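So the chains spell out like this:
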Number of protein chains: 2
Amino acid sequence: MPAYKEMSVEELEALKKDLEKEFKKIKAKGLKLDMSRGKPSALQLNISMGMMDVLHSGCDMAGEEGVDCRNYGVLDGIKEAKQLLADMMEVPKDNIIIFGNSSLNVMYDTIARSMTHGVMGGTPWAKLDKVKFLCPVPGYDRHFAITEHFGIEMINVPMTPTGPDMDMVEKLVSEDEAIKGIWCVPKYSNPQGITYSDETVHRFAKLKPAAEDFRIFWDNAYGIHHLYEDKQDYLIEILMECKKEGHPDMVYKFSSTSKISFPGSGIAAIAASDANLAEIRRQMKIQTIGHDKVNQLRHVRFFGDIHGMVKHMRKHADILRPKFEMVLSTLDRELTGLGIGSWIAPRGGYFISFDAMEGCAKAIVAKAKEAGLVMTDAGATYPNGNDPKDSNIRIAPSYPTLEELKLAGEIFVLSVKLVSIDKLLGKL
Amino acid sequence: MPAYKEMSVEELEALKKDLEKEFKKIKAKGLKLDMSRGKPSALQLNISMGMMDVLHSGCDMAGEEGVDCRNYGVLDGIKEAKQLLADMMEVPKDNIIIFGNSSLNVMYDTIARSMTHGVMGGTPWAKLDKVKFLCPVPGYDRHFAITEHFGIEMINVPMTPTGPDMDMVEKLVSEDEAIKGIWCVPKYSNPQGITYSDETVHRFAKLKPAAEDFRIFWDNAYGIHHLYEDKQDYLIEILMECKKEGHPDMVYKFSSTSKISFPGSGIAAIAASDANLAEIRRQMKIQTIGHDKVNQLRHVRFFGDIHGMVKHMRKHADILRPKFEMVLSTLDRELTGLGIGSWIAPRGGYFISFDAMEGCAKAIVAKAKEAGLVMTDAGATYPNGNDPKDSNIRIAPSYPTLEELKLAGEIFVLSVKLVSIDKLLGKL
């Protein structure tokens, strides 16, 4: 099959007719599948069910330091949970605070605190005329929703195969004092699965922001979420790099066990410099007496240590890998050479990012929906839901079964083909 | 023994000598007891240990509506958890949102949201020159800490045996548009154990605030925390009253299972009008994907329904009642008629409130500490830690054993006597 744009109008129209027949057939199968979010499958959840047994009515509920995990006390997490998540996040255990079930909530609260109380003595952002954030795109919709919610202006920064466009980041951050932060998913990024290169991380650590209260929001959501044993990405640890460069306070690092144990019933953490953590604790002690220590204990008893967690992640990988490969092989087989889309094969994370021809993404998602396949809204990977090229589509292969994914893949490529033909025919 | 103020200087000095001997003796016992917070005892925590068994690796993790409680989804709580907490809070299940482990966190977030986004279209409080809150005193230190943290001016309103001074509340609220809220612990109040009378609740529901975005922060922390089967306080349900009076949106009601199941590992909730909840959900969906549904399921499976919870609370009462009675009998026996302090015998909740002679509270707490008894800081029950009469002391009898409490009671009354004598002798 030649590239679509090299085909004549007649050829395209003939092809369209054939594809429409196929689409009709597949639509008749009555699929009803929601692939809109990066949700683990039931099989993945099952591998953590041992977590329901490690605590029982006959067991000792004391933490290593003797604290009764059932009672009030311990603001920032029990020692052994700090150790576990510190190892997971590759930071010293004293540079971590354990929170509740959601790192998103921690990020939201971090922005909220900056709005009302400022960052380390800086003016509360709510009192400034203008606050801006850099948003590498495509990116994570829930990050952008937080900054949008607080009226923060978002500036798109294009992603490259090695991370955000650092020339642009360096220039903007050093020139504009209103820029207070940047959202990053540095490893197996959402949605592209890109891991920031060594050079990118080094350039982040060397940033010279105009704003003293500028912070890198380093959401390492997929730090140990590899798909392969033999092909893994490595990410340089940002806290240490910033410290070496004399900017220890420039970064907040977030993570959670949401996609390790149970989404919504895991534990979240922030890692940061001593000074940042001291400030966070000052506010945190007003907000809560402490987070769920029983659940912290449950995680520690279940995983034991970071090695236990790494072994556990292999089980997730074994379930996820065939799903990613199913989608990728469908894309490879059906779309290679047609010039109507591009994608990256990730080595970890939860997503495959697909770039359609400009102006086609919304129509493709709508077309797929016609056949019962709900995908993430086109545009969701951009601030304010606005993808200026209307090109990017996030594919989330984790939740469906392999069988469903096979069908979903077929619906998707058919939708891409049909919409692309319409586009080339000027009918879109 | 006559009232101290009717004794001569010589009599007081002789008495002081005797008491000092007693104090020395008791100090020698080397007690080390922290009675500063309202923490349940280990015995109380033990009665909830069955909660660690109700979920296990072989069990069904689906909620009543079929949702897999282990996965993402369900922003505002699973249906059966809503029903359980709605029954506990005496509201319809559709007027409730389930949160994480801490109602304090929900209250903090409610204020934070009002600061940055305003209340139902009102000006964000952070953009106003002045925001004020009414604070019934004595009250809960952590409430006051939240308003202090956000720079909200706090106005003391004296508590009476039937609740806050409603003449003052009505007058202030109707006159001053800067008054945006009032902190209430309406049942078995912290620290006095007072339950608001029917008239007080009715007057709350009939309030005509100058500020459209005025809200009653109704922290019903001890709604089912009775000490007795035969002597219980009743509190009129405020949401319904406000609705009847045509002010359905005027109140936020907070509660949690922190002192029912496990402190820090319970579930919290807010109850409010449809319009208030809709606004909260709009913000909440930016802040989190959802709270810990596994823990919600655990609570439902353990308690079954509100009747199960009520039966459970009897076990707490059986443990707490003798402790309250131990403290109260010590106060009765040692201080009645001396004119150096007054207290209320509560029928529920977690505290006994003691009012010393003016200017004595700080010295009493310091004196008790000399003998190894740590109490809540004097002043903590007032905004900014400032009890203008330096009189109120909060006694928290729940955590110590009966034996420890016996000794603690003796230390406390000795401290009260010694400090009161110094006060009368002009030596304080």
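Residues numbered from 1 in each chain as written. Chains lettered and ligands numbered in written order. Predicted model: local features only at pLDDT ≥ 70, side-chain atom pairs only at ≥ 80, totals over all residues. Heavy atoms only, no water.

Undergrad: Would you mind showing me how to read the interface of chain B and chain A here?
TA: Many structure descriptions define interface size as the accessible area lost when the parts assemble. Every contact between the two is made by 57 residues of chain B and, on the other side, 57 residues of chain A. Counting the surface lost from both chain B and chain A, the interface buries some 4,700 Å², and carbon and sulfur atoms represent 54% of this. Summed over the three residues of chain B that lose the most area to chain A, namely Arg 70, Tyr 72 and Ile 286 of chain B, the buried surface amounts to 17% of that side. Scanning the region where chain B abuts chain A turns up 0 salt bridges. Linking chain B to chain A there are 20 residue pairs in polar contact (both at pLDDT 80 or more). Every element with two or more residues in the side of chain B that touches chain A is listed here: α2 (42-46), α4 (103-117), α5 (141-149), α9 (274-287) and α10 (293-303) of chain B. Element by element, the count of residues in the side of chain B that touches chain A is highest for α4 of chain B, at 7 residues. Residues belonging to the side of chain B that touches chain A are distributed by class as follows: 24 nonpolar, 21 polar and 12 charged. (Contact = heavy atoms within 4.5 Å. Buried area = accessible area lost by both parts, 1.4 Å probe. Salt bridge = Lys/Arg side-chain N within 4 Å of Asp/Glu carboxyl O. Polar contact = N/O pair within 3.5 Å; in protein donor to acceptor, adjacent residues only side chain to side chain. Helix = DSSP H or I, 4+ residues; strand = E, 2+ residues; numbered from the N terminus. Nonpolar A, V, L, I, M, F, W, Y, C, P; charged D, E, K, R; others polar.)

Undergrad: In this structure, what is going on with the relation of the copies chain B and chain A? I would like to understand it.
TA: Look at the two chain copies: a rotation about an axis and a shift along it is all it takes to match them. For the pair chain B and chain A, the best superposition has an RMSD of 0.0 Å and corresponds to a rotation of 180° with a translation of 0.0 Å parallel to the axis. In symmetry terms, the pair is related by a two-fold rotation axis. Interface residue correspondence from chain B to chain A reaches 100%, placing this contact among same-surface, isologous pairings. (Least-squares fit on C-alpha atoms with pLDDT ≥ 70 in both.)

Undergrad: Looking at this structure, how should I read the nonpolar core?
TA: In terms of nonpolar packing, the biggest core is built from 114 residues, with Phe 204, Ile 216 and Trp 218 of chain A together with Phe 204, Ile 216 and Trp 218 of chain B touching the most fellow members. In this structure, Ile 216 of chain A is in contact with Ile 182, Cys 184, Phe 204, Leu 207, Met 250, Val 251 and Tyr 252 of chain A, ignoring residues within four places of it in sequence. (Core = buried A, V, L, I, M, F, W, Y, C linked by side-chain atoms within 4.5 Å. Buried < 20%, exposed > 50% of the residue type's maximum accessible area, 1.4 Å probe, protein only.)

Undergrad: In this structure, what is going on with the pairing of strand β9 (residues 268-271) of chain A? I would like to understand it.
TA: All names here are of chain A. The side-chain alternation of β9 yields two buried faces, one formed by Ala 268 and Ile 270 and the other by Ala 269 and Ala 271. Relative to β9, strand β2 (residues 96-98) runs antiparallel, the two being bridged by 3 bridges. Along β9, the bridge assignment pairs Ile 96 with Ala 271. Sheet topology places strand β8 (residues 251-256) next to β9; 4 bridges connect them, and they run antiparallel. Looking at β9, one finds that Phe 254 is bridged to Ile 270. (Pairing = 2+ DSSP bridges.)

Undergrad: Help me understand the packing of aromatic side chains in this model?
TA: By convention here, two paired aromatic rings are described through the distance between centres and the angle between planes. Residue and element names in this part refer to chain B. Counting across every chain of the model gives 30 aromatic pairs over all chains. Taking the centre distance of 5.2 Å and the plane angle of 55° together, the rings of Tyr 108 and Phe 150 count as tilted. Of this pair, Tyr 108 sits in helix α4 while Phe 150 sits in the loop between α5 and β4 (153-160), and the two are 42 residues apart along the sequence. Note on Tyr 108: relative accessible area 4%, which makes it buried. Using a relative accessible area of 8% as the deciding quantity, one classes Phe 150 as buried. For the ring pair Tyr 252 and Phe 254, a centre distance of 6.3 Å and an interplane angle of 55° mean the geometry is tilted. Among the residues examined, Tyr 252 registers a relative accessible area of 1% and is labelled buried. (Phe/Tyr/Trp six-rings, centres within 6.5 Å; stacked < 30°, edge-to-face > 60°.)

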